[in-house]
Amino acid sequence: MFRNLARLLRYRGLIQSLVARELKARYRGSVLGFFWSFINPLLLLLIYTYVFAYIMPTRFAATEQPKPFADPFPYALFLFCGILPWTWFASSLNESAGVLISGGNLIKKVLFPAEVLPIVTALANMVHFFLGLPILAAFLAYYRAPVTVGELAWFPVIVLVQLIFTIGLALLVAALTVHFRDIRDILANVLTLWFFATPIIYPWKRAPDFGKWFVNANPFSHLAISYQEVLFFEGPFGHWRWLLALGAASLVLFLFAYFVFDRLRDTFAEEV
Amino acid sequence: MSTAIELTNVSKIYRRYSHRRQFATLKSALLSRSLVRDLHPDETFSAVQDVSVTVPAGRTLGVIGRNGSGKSTLLKLVAGITKPTRGSVTVNGRISALIELGAGFHPEISGRENVFINGIMLGLTKREITRRFDEIVEFAELEEFIDAPVKTYSSGMYMRLGFAVAIHVDPDVLLVDEVLAVGDEGFTHKCLDKFAEFKRRGKTILLVTHSLGLVERFCDEALWMNAGRKRATGDPKRVVGAYITDVEKSEEQQLAAGDARAQDAAIAVSPDEPASAVLPDHPIESAEGPADMFRATEGRWGSREIEITDVQLSGPDGSAGHVFQSSQSLTIRIFLRSPLPNEDFVIGIGIFNAEGVCCYGTNTNIEEFSAVRMFGDAEAAFTVDSLDLVEGTYKLDVAVHKLDGYPYDYHRLLYTFRVKSRTKDVGIFRPRHQWRFSEGLTFTRTEESR
């Protein structure tokens, strides 16, 4: 397993070009091309803002006004901080579920390290996430969000933790879906539930008391809260212990997922 | 000489799951705790069984065998795409496998980008690809289209590009699985030239193919796989010869089985009710009789006053068979039985090709034999000294009937034989012929290809 893991480093050229190909191919033939990477999160944002700020605003009216912001609560900005990383995470998992099956030709006919495929998926979606960041930055500037350099230094750490976490789950999902195709269908629903169980559309403080432990047990909560604390809320980044703990757990998850993947590797060529 | 490929007692067992397994879901597997149990196969299928092969560096091994004999699995084992269930596979040097060409191509992006990505997948570095890029494109003959998305390529262009990339990986060991049918004649020649160049440069080639001529011409050694096992290995000519003989034998068996089925079916219909098969009022033009002599449907009819008990075909060596070489002799032996003395009979034969065209027909009356008497068991033999038919499958009519056509026993297309020929001429009949060329017209005999 560790030999294969080391081999993965040698495939970085391959991973790099596959990610580039993925990005190029995705918007090939569409008029707006790369702009979709900006437009998609914007549209999503618009929808959620409309629904939760205008159609069902009651809960958030009661939200205590975060300090630096003038009335009204800049819900769109808050939402954006969570939705952008969530989109990265959710699309990575969704795509990973099918990636070994659709890449079956490679696995069956070419000597090809299969783990590259889910990793490429996670990385390609990360690039989309990065492409969404300028819009987020514009929003932050517009609302004069209280972003400090010290807090911003944590941003790459959060991204790294999320990357490890995402790749770990992507490997697991990809490997298991080969044997249980149902995962693809289950996953879509699990991700919807997961989205609402994560403090993305509501602030963590507003989670009902009975649900708090549930939210706390959800690894993605801590990523979302970290993003929000660093980018949205005022004050020092207080969630770092949780974040580092999640980072350690993600590493363990990644190693476990890689182990499972490695064990199932030889069955892929026969099953896909 | 060092060893390039070494397979030691290699077996590959594929698992086959029962029907139930296919519909099992994760949920049901978890609920019934059958996750572990279900991962155990209900039955297994050995694609490759206990094969040991050693290919010294610089040699070319041709693998032949029927469909499903384990050739491709063997190749995938050598390529490392699948792992052997038992035994060990050792390959020294960089491998390039031409198994499915252009397997990693992405349809939306250009040929140029695909060349780079495919090359990296096959183990080249970016710099190596840049250096060989022009050569690859030139080899694929795609200079004009290299910047177009691959989805706009024809299948031939796609394959050519895949082949060009794979061949320029510069492997020590090249694995080829039946990919020479990728392009037009010219491209095939180019591929063969490239293989020859590989050979000259001392590379090892493993070639899986159905083109036996290619194995004879090109390979140093041949391996014949049969039902997952090594059937024979050694000198290509000898192995290919043995393989062809075996294929003919199995064709023979198939034809015999087919004939037996047709005859059984015919017998099942008529023998108990001969009267219904032939209406005495219109003895010849009966509905079920030879109303349309040239309509090719199998069957048997007749009154059985004289019965054809058996028909045997034999070649020059006299043993019964179903596969014959063109321009050798063929004997049709017709075994007859007449329980009562009979003085009015004609024995006839018709040969039809697979399209149902009558190639030849004759009978004893046409050839001016006058029937005198038949009683008890008898045999008539019809010998063609030289079977001048082109290659193909032929069916036989055999009949014994009255002079006026009233059938005693008519066997319609119940016997099949195949004619094999080294010459691939067309038509039905091959007249004895020769070519003569005047001065100013020179030919050499091209090598015989099968």
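Worth saying up front: this structure is predicted, and the values here are computed from it rather than measured. Per chain, residues are indexed from 1 in the order of the written sequence. In the order they appear in the text, chains get letters beginning with A and ligands get numbers beginning with 1. Only residues with pLDDT of 70 or above have their local features reported here, since the model is predicted, and side-chain atom pairs are shown and tallied only from 80 upward, although totals for entire chains, interfaces and linings are computed over all residues.

Concerning the packing of helix α2 (residues 12–26) of chain A against helix α7 (residues 116–142) of chain A
Residues and elements named next belong to chain A. To obtain an axis, a line is fitted to C-alpha atoms, over the contacting stretch when the element is a helix, and the angle between two such axes runs from 0 to 180 degrees between their N-to-C directions. For helices the rule is a DSSP run of H or I covering at least 4 residues; for strands it is a run of E covering at least 2, with both sets numbered from the N terminus onward. Direction vectors running N to C along α2 and α7 enclose 55°, while the axes themselves pass 9 Å from each other. One way to sum up the angle between α2 and α7 is to call them oblique. In this structure, α2 meets α7 at a crossing whose hand is right-handed. For the pair α2 and α7, the contacting residues are Leu14, Ile15, Leu18, Val19, Glu22 and Leu23 in the first and Val116, Ile119, Val120, Leu123, Ala124 and Val127 in the second. Ten residues, namely Ala, Val, Leu, Ile, Met, Phe, Trp, Tyr, Cys and Pro, are considered nonpolar, four, namely Asp, Glu, Lys and Arg, are considered charged, and the remaining ones, Gly among them, are considered polar. Class assignment for the residues of the contact of α2 with α7 results in 11 nonpolar, no polar and one charged. To sort the angles, those under 35 degrees are grouped as roughly parallel, those over 145 as roughly antiparallel, those from 65 to 115 as roughly perpendicular, and the leftovers as oblique. Throughout, a crossing is termed right-handed when the near helix is turned clockwise from the far one, and left-handed when it is turned anticlockwise from it by less than a right angle. We call two residues in contact if the C-beta atoms placed from their backbones are at most 7 Å apart.

Side note on α2 of chain A
Take the number of residues in a helix, subtract one, and multiply by 1.5 Å to get its expected span. Taking 1.5 Å of rise per residue, 15 residues should cover 21 Å, and α2 of chain A covers 21 Å from first to last C-alpha, within 8% of that figure. Among all positions in α2 of chain A, only Ile15, Leu18, Val19 and Arg21 of chain A are buried. Angular distribution of buried residues about the axis of α2 of chain A spans 165°; they occupy a single face of the element. Among the exposed residues of α2 of chain A, those oriented more than 90 degrees off its buried face are Arg12 and Gly13 of chain A. Looking at the buried residues of α2 of chain A, the elements they touch are α7 of chain A together with α5 (111–121) of chain B. Labels follow a simple rule on C-beta atoms placed from the backbone: if 20 or more others lie within 10 Å of a residue's own, it is buried; if 12 or fewer, it is exposed; otherwise it is partly exposed. What the arc describes is the spread of directions from the helix axis to the C-beta atoms.

Thoughts on the confidence of the model for chain A
Any region with low pLDDT has predicted coordinates that should not be read closely. As a per-residue measure, pLDDT tells how confident the predictor is, with possible values from 0 to 100. Overall, the predicted model of chain A reaches an average pLDDT of 83, with 93% of residues at or above 70. Considering each helix and strand of chain A separately, the mean pLDDT is smallest for helix α4 (residues 58–61) of chain A, with a value of 51, and largest for helix α9 (residues 155–179) of chain A, with 93.

Looking at the interface of chain B and chain A
The interface is formed by 23 residues belonging to chain B together with 22 residues belonging to chain A. The element that contributes the greatest number of residues to the side of chain B that touches chain A is α5 of chain B, accounting for five residues. Here the residues of the side of chain B that touches chain A are counted per class, giving 12 nonpolar, six polar and five charged.

Quick word on the environment of Gly350 of chain B
Residues and elements named next belong to chain B. Checked against the element boundaries, Gly350 lands in strand β14 (residues 346–353). Residue class for Gly350 comes out partly exposed when judged on the 19 C-beta atoms lying within 10 Å of it. Gly350 sits 46 residues away from Leu396 along the chain, and the two C-alpha atoms are 5.7 Å apart. Not counting the four nearest positions on each side in its chain, Gly350 is found in contact with Cys358, Gly361 and Asp397.

So, the environment of Ala266 of chain B
Residue and element names in this part refer to chain B. Here Ala266 is to be found in helix α10 (residues 236–269). On the basis of neighbour count, Ala266 is assigned to the partly exposed category, with 19 C-beta atoms found within 10 Å. Placed 32 residues apart in sequence, Ala266 and Glu298 show a C-alpha to C-alpha distance of 7.8 Å. Setting aside its immediate chain neighbours within four residues, Ala266 contacts Glu298, Gly299, Arg300 and Leu414.

Brief notes about the pairing of β14 of chain B
The side chains of a regular strand alternate between the sheet's two faces. All names here are of chain B. Where β14 lies against strand β17 (residues 392–401), eight bridges are found, and the strand directions are antiparallel. Residue pairing in the sheet places Phe352 in a bridge with Lys395 of β17. Strands pair, by our definition, only if DSSP identifies at least two bridges between them. Note that β14 and strand β15 (residues 358–363) share five bridges and pair antiparallel. Across the sheet, residue Phe352 finds its bridge partner in β15, namely Cys358. Between β14 and β15, which pair antiparallel and follow one another directly, the connecting turn spans four residues, one of which, Gly356, has a positive phi of 85°.

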